[in-house]
Each structure stands twice: as C-alpha cells, then as structure tokens.
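# Coordinate analysis (summary)
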Amino acid sequence: MSEHTAKRFYTQDWHIHTEASYDATLPYRELVNRAREIGITEFGITEHVNYPFMEKHLQISRKMFAQNYIEGMHFGVELSPMSNFQQTYSAAHEWPLYPLLLAGMHPEFVDGFGYERPELIRMSDEQAKPFLLGLTEEEIRALKVEYVVAAAHVVFGTPLERDALIRHWHEQQMFCATDSRVDIVGHSWWAPWSSELHFETIERGSWPTELAWFDDFSVVPQSMHDEFAAALLENDTCAEVNVSFFSTAWFSEKFKHQYAEYIRMLFEKGVRITVGTDSHDEYLDHQDLFETYLGAAGFRAGDFSRPEFRRYV
C-alpha cells in the first residue's frame, strides 16, 4: 500500500446499500464493523426506493439503522427517475415486499419477461414523461431521511442508437440535478438498462457496449457536461464519483481514465464531489483503486465533500 493510500484517500462514503434493499445482501452489522476497520469516519445508508411501494424497504432499513447506529453514520435514500406510468400505477396498488431483482419492479410488470415484452413495460415506455421520483419531500421527511441520492438507471422508449441513448441519459441526469429533493446525483453516465437492451443482450450473449459510451467517453458532447455542471452549481447539488466505474470490466481502461478526468472537470468548475462505493453485497476497501484513477486525475485526500443534511429535532 502506498504512503498516500495509508493516509486514506477518502474517509467518507455516501452511497451504500444493505440487506434492507431489494438488490443487496450486505448485513448492517458487517458494514458498521468494516467501516471502522478501514477508516471510514462518515458514511450513509441509501436503500433504493424506485417506486412508492418500496417505502416499506426504507421503513425496515430505518429500524435496522437505529439498532446498529454508530457515530458518523447517516440515513439517506437512493431515488431514480422512473416512468410516470409506473410511478402512478404503483401508487394506486398495494404491493407486498418481495426480493425480486429487476429494478425493484412488481411481478405485474415482468410477467413473461425474458421471453416477451410485457404490455405494462410498453405502456411505461410510451407514458414515461414527465419522470417521477418515488418519494415526495413530505415522505422523505416523515422517515427522517437526511439526504437524497438520485441516479438514472433505466431508459424508456429510446431507440437502440448511441446518440439517442446519450440524449435520454443526459435528460434524466438534468432532471436529477434540478430537482429540489436531490442532494447528490449518483453515478452519472452509468450503464443504461431497458427492455430492448435486455433482449439485445440475451440475443448477443453480451451487453452491446458500442451502443453506449463505455469504450470512449468522448462520444458524449462537452456541451452536455457543461450544462450538467451548471445545473449542479445553480442548485448546490453534489456529483458522485462512484467506485463501480473503476472496478467493473464493462468499461474500457481508456474510459476509466476519461471518466476520472470528467469528474475532475466538474470539480474544477466548482461542483462538490462526494464519494460513493455503491456497495451491495460486501464492504471493501477501495483506497488503492480510487487513488489509481482519481489520483492520476489530480485529486488528493480532502478534495471530497459531504452532502448537506436535512435537520430533525
């Protein structure tokens, strides 16, 4: 381990999922113990709430949070721009808790999925806008959520063309950057998902990387980056640097370095940068990985920020 890493390249982590999230298995107690071991002094739990019914997951997490609380630990949430049709539909139905992997969707949306495109998915794509987040500000405060991470995950009704996907992803990120509920925009320019991409992946046997930006980040226009940065600054919203970009094999080595430079560009424009490991199943020490890419882009310990917290009595 380098001398720089021994000094802890980052000591905060604002994007973590636990066993209370539909897509994660990380035990609360293991997270707390590991955070202490590897020198994380402040961190936040951010379970997914993609749809209104998933508030139940957050309620469970809130109880676990109280049982496992240590100093420096905070309670957040991760929301995602989702189809207006899906959000409206979900708000009108009482749905049970269940451990279904697939964007936390109810079985009604995925019946037969993998073989054919469900009718509710088609309607979701056609009636996607305006995008909606899964919780209102009132609901956020009722659960004493301290901060909100919002991140794009799914594309709706978008042709399988690189330029179309880029425009659609940018639109969602701008939605996140300008929504008053959002404190951190998570993993900007992460891998998009849609039913069309799902079926294309099945047919090919691999994700169609040439449809996105994973091989060369320069295909995303600089004007989009400038617009995104301006929106973050105007709304005093943080941008997240997410370890998944540097740990996954999906992205080329060229892309990883370009992405680190992109985060540096946001930082130099004055955008506050938060660290998120996006941990789901185990809590690892990513000091060396962050230093390899972000250190090369000019970041040093102390450059990273914490979000503004909602205050409760």
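One structure accompanies this document, and this report is about it. (Residues numbered from 1 in each chain as written. Predicted model: local features only at pLDDT ≥ 70, side-chain atom pairs only at ≥ 80, totals over all residues. Heavy atoms only, no water.)

Now for the overall build of the protein chain. Broken down by element type, the protein chain carries 13 helices and 7 strands. A compact globule built from 313 residues would reach a C-alpha radius of gyration of about 20 Å, and the protein chain, at 19 Å, matches this within 12%. Seen through its principal axes, the protein chain has C-alpha atoms that stretch 55 × 45 × 40 Å. The long-range fraction of contacts in the protein chain, counting pairs at least 24 apart against all pairs at least 6 apart in sequence, stands at 81%. Total accessible area computed for the protein chain in this model is approximately 13000 Å², and 51% of it derives from carbon and sulfur atoms. Of note, the protein chain has its 26 positive side-chain charges centred 5 Å away from the centre of its 49 negative side-chain charges. (Helix = DSSP H or I, 4+ residues; strand = E, 2+ residues; numbered from the N terminus. Rg over C-alpha atoms; globule rule 2.2 N^0.38 Å. Contact = heavy atoms within 4.5 Å. Areas by Shrake-Rupley, 256 points an atom, 1.4 Å probe, with all protein chains shown as cover. Lys, Arg positive; Asp, Glu negative; His and termini not counted. Charge placed at Lys NZ, Arg CZ, Asp CG, Glu CD.)

This part is about the pattern of salt bridges. Opposite charge on two side chains lets them pair, provided their charged atoms get close. For the structure shown, the criterion picks out 17 salt bridges. Residue E37 pairs with R34 through a salt bridge whose shortest N-O separation is 3.0 Å. One end of the pair is E37 and the other is R34, both in helix 2 (residues 28-37) and 3 residues apart, which spans about a single turn. Look at R34 and you get partly exposed, because its relative accessible area is 24%. Linking E137 and R310 is a salt bridge whose minimum nitrogen-to-oxygen distance equals 2.9 Å. Here the residue E137 occupies a position in helix 7 (residues 137-142), and R310 occupies one in the segment after helix 13 (287-295), the gap between them amounting to 173 residues. Through salt bridges with shared partners, one network takes in E137, R141, D183 and R310. (Salt bridge = Lys/Arg side-chain N within 4 Å of Asp/Glu carboxyl O. Buried < 20%, exposed > 50% of the residue type's maximum accessible area, 1.4 Å probe, protein only.)

Volume-wise, the largest pocket comes out at about 890 Å³. Contributing to the lining of the largest pocket are 32 residues, with D23, H153, W190, W250 and H280 lying nearest its centre. Considering only residue class, the lining of the largest pocket consists of 14 nonpolar, 13 polar and 5 charged. (1 Å grid on protein atoms, 1.4 Å probe; cavity = no way out; pocket = protein on both sides within 12 Å on 5 of 7 lines; lining within 4 Å. Points joined across faces, edges and corners; volume = space filled by probe spheres on them. Nonpolar A, V, L, I, M, F, W, Y, C, P; charged D, E, K, R; others polar.)

Moving on, we get to the sheet that holds strand 1 (residues 12-13). Strand pairing in a sheet takes place through backbone hydrogen bonds and is either antiparallel or parallel in direction. Taken together, 7 strands build an open sheet; the order of strands is 1-2-3-4-5-6-7 and the sheet is parallel. Taken across any chain shown, the strands that pair with only one partner, and hence form the sheet edges, are strand 1 and strand 7 (273-276). Where strand 6 (residues 238-242) meets strand 7, 4 bridges bridge the pair, whose relative direction is parallel. Within strand 7, the residue paired with A239 across the bridge is I273. Of the strands in this sheet, strand 6 and strand 7 are in contact with helix 12 (residues 253-268), which crosses strand 6 at around 160 degrees. (Pairing = 2+ DSSP bridges. Axes fitted to C-alpha atoms, helices over the stretch in contact; angles between N-to-C directions.)

Turning next to the state of the cysteines. By the definition in use, this model includes 0 disulfides. Here C176 is not disulfide-linked; the sulfur of C238 is the nearest cysteine sulfur, at 14 Å. Judged by relative accessible area, C176 falls into the buried class, the value being 1%. Residue class for C238 comes out buried when judged on its relative accessible area of 0%. (Disulfide = S-S within 2.5 Å.)

So, on to unusual backbone geometry. A cis amide bond, omega -5 degrees, links K129 with the succeeding residue P130. The residue P130 is located in the loop between helix 6 (119-126) and helix 7 in this model.

What follows is about empty space enclosed by the protein. Scanning the entire structure with this criterion turns up 1 cavity of 30 Å³ or more. By volume, the largest cavity is sized at about 70 Å³. For the largest cavity, the lining is made up of 13 residues, of which Q86, I121, V154, F156 and W193 are closest to its centre. Top element by residues in the lining of the largest cavity is helix 6. It accounts for 3 residues.

Right, let's talk about the nonpolar core for a bit. In globular proteins that are soluble, nonpolar side chains generally tend to be buried together. Judged by nonpolar contacts, the single largest core of 86 residues is most densely connected at W189, W213 and L266. Membership of the second largest hydrophobic core comes to 6 residues, among which are V149, I184, C238 and F309. (Core = buried A, V, L, I, M, F, W, Y, C linked by side-chain atoms within 4.5 Å.)

Once that is clear, we can look at the packing of helix 8 (residues 162-178) against helix 10 (residues 222-234). Their axes nearest at 9 Å, the elements helix 8 and helix 10 cross at an angle of 10 degrees. Judged by the angle between their axes, helix 8 and helix 10 are roughly parallel. On the side of helix 8, the interface is formed by I166, R167, H170, Q173, M174, A177 and T178, while helix 10 contributes M224, E227, F228, A231 and L232. Residue composition of the contact of helix 8 with helix 10, grouped by class: 7 nonpolar, 3 polar and 2 charged. (Parallel < 35°, antiparallel > 145°, perpendicular 65-115°, else oblique.)

Read these as layout, nothing more, since geometry by itself doesn't imply function.
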